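Chain and residue survey
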Amino acid sequence: MQNQFEVTLKPSQHKRRITKHVLITSDDAGSSTKMISYNPTALLIVIIAMSIVIGSLIGVIFFERQQIALGNDTISDRDAEIAGLNADVNALNGEIDSLNNKVRYLSDTVETKTANEEALTMILEEQWIPNDFPLTGSARLIDSSDAEDPMIVLNSSDGSSVIATAYGIVENIVDDDEFGNMVIIDHGNGYKTYYRNRGQVMVNKGDDVVSGTTIYIISSDNESLCYQISNNGVYIDPTDIIDING
């Protein structure tokens, strides 16, 4: 019996490793030749890896430059916005200064108006205080009394007039035993004045009078005037608030 062997050759599954060599020489006579071995596949991988790294670095640099440019644009926009806001603030400050000037002007105007009104009020109030002299022309004081009801008696010349000493209303006209007639004027502020004389009364009850309104006309038969002032129902000395000349 004869044995038979069959041999089947299969191709090797291992790839052949390819190695390349690079010779480095020099023109110098004494220099030696160097040989560097490298694997092309490994070199390709290294080149690809370096390309990826370099590309990544370039990408990072480009991205950072874009971010810096965007940041600069943002800073420029913010600077422009800040400049606009500062301009608005300056405009508002100008308006505030203008308003403050108007307020000061109005305040001065109000103060001036208030002062004028107060001065006018004082003038008006003064017109109702019986501090004028009750006769036109000159007169001579012939009697005064410091009794419970103080009064003054004045003697004037023919042609003079007995006049109201302040603004007021004729409250009453009554007979007087000694002087004939008495005119009472209420000045509306607590003051009343009393004019006694024998002449003809030139006003009527209820008349409005002003300082200088004629009450009597002095003639040869009524040259004397008895004059009194009361304040809140109490008689006061007329010489305390009027000037007597003559």
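Scroll up for the structure.
Structural notes, computed from the coordinates.

Here is what the cut-offs are and how they apply
Residues numbered from 1 in each chain as written. Predicted model: local features only at pLDDT ≥ 70, side-chain atom pairs only at ≥ 80, totals over all residues. Heavy atoms only, no water. Helix = DSSP H or I, 4+ residues; strand = E, 2+ residues; numbered from the N terminus. Buried < 20%, exposed > 50% of the residue type's maximum accessible area, 1.4 Å probe, protein only. Contact = heavy atoms within 4.5 Å. Areas by Shrake-Rupley, 256 points an atom, 1.4 Å probe, with all protein chains shown as cover. Patch = residues over 30% accessible without salt bridge, like charges linked within 9 Å, V, L, I, M, F, W, Y side chains within 5 Å. Salt bridge = Lys/Arg side-chain N within 4 Å of Asp/Glu carboxyl O. Lys, Arg positive; Asp, Glu negative; His and termini not counted. Charge placed at Lys NZ, Arg CZ, Asp CG, Glu CD. Core = buried A, V, L, I, M, F, W, Y, C linked by side-chain atoms within 4.5 Å. Pairing = 2+ DSSP bridges. Polar contact = N/O pair within 3.5 Å; in protein donor to acceptor, adjacent residues only side chain to side chain. Phe/Tyr/Trp six-rings, centres within 6.5 Å; stacked < 30°, edge-to-face > 60°.

A tally of helices and strands in the chain yields one helix and twelve strands. In the chain, the order of α-helices and β-strands from amino to carboxyl end is β-β-α-β-β-β-β-β-β-β-β-β-β. Per-residue burial for the chain yields a buried fraction of 20% across its 246 residues. Taking the intrachain contacts of the chain between residues at least 6 apart in sequence as the baseline, contacts between residues at least 24 apart amount to 58%. Accessible surface for the chain amounts to roughly 17,900 Å². Of this, 54% is attributable to carbon and sulfur atoms.

Relative to the helices and strands, Phe 133 resides in the loop between helix H1 (40-127) and strand S3 (139-145). On the basis of relative accessibility, which here comes to 15%, the residue Phe 133 falls in the buried class. The spatial distance from the C-alpha of Phe 133 to the C-alpha of Thr 165 is 6.2 Å, given a sequence separation of 32 residues.

Attention now moves to a negative patch on the surface. Together, Asp 73, Asp 77, Asp 79 and Glu 81 give the surface a local cluster of negative charge. Counting through the fold element by element, Asp 77 comes out in helix H1.

If you look at the biggest cluster of nonpolar residues, it comprises 21 residues, and the most contacted ones within it are Leu 135, Val 162, Val 183, Ile 185, Tyr 195, Ile 215 and Tyr 227. Of all elements in the fold, only strand S4 (151-156), strand S7 (180-186), strand S8 (191-197), strand S10 (214-217) and strand S11 (224-231) reach the threshold of two or more residues within this core. The dominant element in this core, judged by the number of residues it contributes, is S11, at three residues.

Right, let's get into the pairing of S4. Across the six residues of S4, five count as buried, placing the element largely inside the fold. As judged from the four bridges shared by S4 and S11, these two strands associate in the antiparallel manner. What sits directly across from Leu 154, in S11, is Leu 225.

For the structure on display, the rule yields two salt bridges. A salt bridge links Lys 192 to Glu 171; the nearest nitrogen and oxygen atoms lie 2.9 Å apart. Of the two residues, Lys 192 sits in strand S8 while Glu 171 sits in strand S6 (residues 168-176), which places them 21 residues apart along the sequence. Judged by relative accessible area, which is 31%, Glu 171 ranks as partly exposed. Salt-bridge contacts for Asp 176 lead to Arg 196; the nearest nitrogen and oxygen are separated by 2.8 Å. With Asp 176 in strand S6 and Arg 196 in strand S8, this residue pair connects regions lying 20 residues apart in the sequence. Residues Asp 176 and Arg 196 agree in their burial class; the two are buried.

Turning to unusual backbone geometry, a few remarks are in order. Negative phi values dominate among residues other than glycine, just as trans dominates among peptide bonds. If you check the backbone angles, Asn 232 has positive phi at about 55° while not being a glycine. On the basis of relative accessible area, Asn 232 is assigned to the exposed category, the value being 63%.

We now examine the side chain of Ser 230. Assignment of secondary structure puts Ser 230 in strand S11. For Ser 230, a relative accessible area of 3% puts it in the buried group. Here the side chain of Ser 230 touches Tyr 194 through a polar contact of 3.2 Å, side chain to side chain. Apart from the residues within four sequence positions on either side, Ser 230 is in contact with Gly 190, Tyr 191, Lys 192, Tyr 194, Tyr 235 and Ile 236.

Tallied over the entire structure, the rule returns three aromatic pairs. Judged by centre distance (5.7 Å) and plane angle (45°), the rings of Trp 128 and Tyr 167 are tilted. Pair noted here: Trp 128 is in the loop between H1 and S3 and Tyr 167 is in the loop between strand S5 (161-163) and S6, with a separation of 39 residues, a long-range link. Residue class for Trp 128 comes out partly exposed when judged on its relative accessible area of 34%. On the basis of relative accessible area, Tyr 167 is assigned to the partly exposed category, the value being 27%. Look at Tyr 195 and Tyr 227: their rings are 5.3 Å apart centre to centre, the planes differ by 50°, and that puts the pair in the tilted class.

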